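Tertiary structure, described
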Amino acid sequence: MTEVSSDLFQSFIDQVKGYSPAVESVEVGYVEEVGDGIARVRGLQNVRFSELVRFSNGSAGIAFNLEKDNVGIIVMGEYDTINENDEVRPLGRIASVPVGMGMVGRVVNALGEPIDGRGPIESTEYYNIERIAPGVMQRKNVGRPVQTGIAAIDAMTPIGRGQRQLIIGDRQTGKTAITIDTILNQKGGDLYCIYVAIGKRRGEIARLVAQLEEAGAMDYTTVVVASASEAAALQYIAPYSGCAIGEWFMENGKDALVVYDDLSKHAWAYREVSLLMRRPPGREAYPGDVFYLHSRLLERAAQMSDARGGGSLTALPIIETLLGDVSAYVPTNVISITDGQIFLESELFNAGQRPAINVGISVSRVGGDAQTKAMKKVAGGLRLDLAQFRSLAAFAQFGSDLDKATKRQLDRGTRLTELLKQPQFQPLPLTDQVAILYAGTRGYLDNVPTSRVKEWQAAFLRTYHSVNAPLADEIADKKVVSDDAEAKLKSAIEDFNANWN
């Protein structure tokens, strides 16, 4: 017993002798006031913008307003139990999210934390949610297409990898449907998808995730959720988190697509946070930097140069308008930032035109650079033909006598419009789009009754893939319609029309 006591005493003596005092400086702040998810804290003199802090109740926060005598902090958790004079400690790191292949197939919140019940995310790498966009010399021209599977878009307003294409329209006009179809069409491809849901109902998000899982699209998709029931602060940072997740793919030589659904609610959330922070309001009560809010997000989409790996990040922001007013404050801001817009019209939607794209004011500023040669060949004049058809149709309402050329143009325009109708969750592969658009633009549908155009399309595609499978495979692989392939395609359509009743 004495030996054991002696050993313990000697061990204690050795520890005391080996002890060297260390001084650690820890900056601590104290809550001055808290309410509505915002806390004002004094004493954090060295805190940085967007730095994470921890409150004494365990909730995290983000430094948002750096003022002379206090710091405005967005509380990212429960704020009801935070009291005056509670301690606040900076965590020493900027707000960041986990990135990498471990994020694929997961549903996460705005902080990158999993909410799908499938355990922790396997990731060792983190990206700051706010990052500087790639410079001019780090980019190259957009020249590769994102195949949406929607014939009207791929033919008339093509989207390129690295582009920022706005989808704009009133509520319930099919904006989200276009982005979901685009994600579904990437199955079996090399494009990773990130869907950011901002301010949506949780039931709506659950249905959307279920649709993606059912179609097998979650194998290459990440869903970032900041629902309507969550704090405005989380809705504010959600698109930046989704963008950071997509940037990892871009910077590692891969291609990614990020959908922001939608940036109108994002602007509302930012306005709410800014007003609570007592920032000076401007037009429509938005703060003065609302333009910078979206420009610093969308500028991060890019097609990287070969020296930087050649990866890309494509952005599909969604904006909701009120009664088709594209000249409102936030819509005009985002239109000026993006590389084109797809405008969806309520009147067309209610008339049964799905997708309800207004050809006249929808445009892609990348244009034909983002189209395959096959699509460019068959759909070159389609946009102009449809625009002329719309103006002629409006004019024809006031006149009864039409010459043959005008009547022929109206008939063809009606059939082309019918041909471009497409049900949701049924994206068309490139080879199918090329075949049906070739038939429509070259006049092979002129004798088909308008009411039977979709019936003709379904029957022709069945024959096309059975009888003309080698031709379909050739167009799909080479993405070019050679003279020989065009002759075969023409012959296939003529043979089908001769036998179709």
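Report follows, based on the coordinates. (Residues numbered from 1 in each chain as written. Predicted model: local features only at pLDDT ≥ 70, side-chain atom pairs only at ≥ 80, totals over all residues. Heavy atoms only, no water.)

This brings us to the side chain of aspartate 170. Within the element layout of this structure, aspartate 170 appears in the loop between strand S10 (166-169) and helix H3 (175-184). Although buried, aspartate 170 forms no salt bridge, and the nearest oppositely charged side chain, lysine 175, lies 7.2 Å from it. If sequence neighbours within four positions are ignored, aspartate 170 has contacts with Lys175, Glu320, Thr321, Leu322, Leu323, Gly324, Leu344 and Ser346. (Helix = DSSP H or I, 4+ residues; strand = E, 2+ residues; numbered from the N terminus. Buried < 20%, exposed > 50% of the residue type's maximum accessible area, 1.4 Å probe, protein only. Lys, Arg positive; Asp, Glu negative; His and termini not counted. Salt bridge = Lys/Arg side-chain N within 4 Å of Asp/Glu carboxyl O. Contact = heavy atoms within 4.5 Å.)

Time to look at the packing of aromatic side chains. How two aromatic rings sit relative to each other is set out by the distance from centre to centre and by the angle between their planes. Counted under the stated rule, the structure contains 14 aromatic pairs. Taken together, a centroid distance of 4.6 Å and an interplanar angle of 15 degrees make the contact between tyrosine 192 and phenylalanine 249 stacked. Within this pair, whereas tyrosine 192 is found in strand S11 (residues 191-198), its partner phenylalanine 249 is found in helix H5 (residues 232-251), the two being separated by 57 residues in sequence. Relative to tyrosine 464, the ring of phenylalanine 460 has its centre 5.6 Å away and its plane inclined at 20 degrees; by these criteria the two rings are stacked. Of this pair, phenylalanine 460 and tyrosine 464 both sit in helix H14 (residues 453-466), separated by four residues, roughly a single helical turn. Taken together, the ring pairs in this structure connect Phe49, Phe64, Tyr236, Tyr240 and Tyr270 into an aromatic cluster. The positively charged end of arginine 271 is found above the aromatic ring belonging to tyrosine 286, 4.3 Å away from the centroid. (Phe/Tyr/Trp six-rings, centres within 6.5 Å; stacked < 30°, edge-to-face > 60°. Lys NZ or Arg CZ within 6 Å of the ring centre and 35° of its normal.)

For the largest pocket, the calculated volume is near 870 Å³. Forming the boundary of the largest pocket are 31 residues, of which Gln172, Gly174, Thr176, Ala177 and Glu204 lie nearest the centre. Elements supplying a minimum of two residues to the lining of the largest pocket: H3, helix H4 (202-214) and helix H6 (263-276). By residue number, the principal contributor to the lining of the largest pocket is H3, which donates six residues. Its residues assigned to classes, the lining of the largest pocket comprises 11 nonpolar, eight polar and 12 charged. By volume, the second largest pocket is sized at about 350 Å³. The wall of the second largest pocket is formed by 16 residues, among which Gln147, Arg161, Asn185, Gln186 and Lys479 lie closest to the centre. By residue number, the principal contributor to the lining of the second largest pocket is helix H13 (residues 430-441), which donates three residues. (1 Å grid on protein atoms, 1.4 Å probe; cavity = no way out; pocket = protein on both sides within 12 Å on 5 of 7 lines; lining within 4 Å. Points joined across faces, edges and corners; volume = space filled by probe spheres on them. Nonpolar A, V, L, I, M, F, W, Y, C, P; charged D, E, K, R; others polar.)

With that settled, consider the sheet that holds strand S2 (residues 38-42). A barrel is described by the order of its strands in space; here six strands give the closed sequence S1-S2-S5-S4-S3-S6, paired in antiparallel fashion. When strand polarity is set aside, the average angle formed by the axes of neighbouring strands in this sheet is 45 degrees. Here strand S3 (residues 51-55) runs beside strand S6 (residues 87-94); their pairing, made up of four bridges, is antiparallel. Counterpart to valine 53 in the pairing with S6 is proline 90. (Pairing = 2+ DSSP bridges. Axes fitted to C-alpha atoms, helices over the stretch in contact; angles between N-to-C directions.)

The next thing to look at is the environment of methionine 218. With respect to the secondary-structure elements, methionine 218 resides in the loop between H4 and strand S12 (221-226). By relative accessible area, which is 8% here, methionine 218 ends up buried. Distance in space between the C-alpha atoms of methionine 218 and valine 107 is 9.4 Å, their sequence separation being 111 residues. Not counting the four nearest positions on each side in its chain, methionine 218 is found in contact with Val104, Gly105, Arg106, Val107, Val209, Leu212, Glu213 and Val223.

Turning our eyes to something else, we now look at the pattern of salt bridges. As a working rule, side chains carrying opposite charge can pair if their charged atoms are close by. Taken as a whole and judged by the stated rule, the model has 29 salt bridges. Where arginine 144 meets aspartate 255, a salt bridge forms, and the shortest distance between an N and an O atom there is 2.8 Å. Linking arginine 144 in the loop between strand S9 (125-128) and helix H2 (151-156) with aspartate 255 in strand S13 (residues 255-261), this pair joins segments that are 111 residues apart in sequence. Aspartate 255 is the partner of arginine 161 in a salt bridge, and the nearest nitrogen-oxygen pair spans 2.8 Å. Residue arginine 161 is found in the loop between H2 and S10, and its partner aspartate 255 is found in strand S13; the two are separated by 94 residues along the sequence. Given the relative accessible area of 6%, aspartate 255 is considered buried. Several salt bridges converge on common partners, so that one network encompasses Arg131, Glu247, Glu251 and Arg300.

Turning next to the packing of H13 against H14. It is the contact of H13 with H14, at a shortest axis distance of 11 Å, that shows an interaxial angle of 125 degrees. As far as their axial angle goes, H14 and H13 are oblique. Seen from above, H13 lies across H14 with right-handed handedness. On the side of H13, the interface is formed by Thr431, Asp432, Ala435, Ile436 and Ala439, while H14 contributes Trp456, Gln457, Phe460, Leu461, Tyr464 and His465. (Parallel < 35°, antiparallel > 145°, perpendicular 65-115°, else oblique. Left-handed = near helix turned anticlockwise from the far one by under 90°.)

By themselves, these observations are geometric and do not establish any function.
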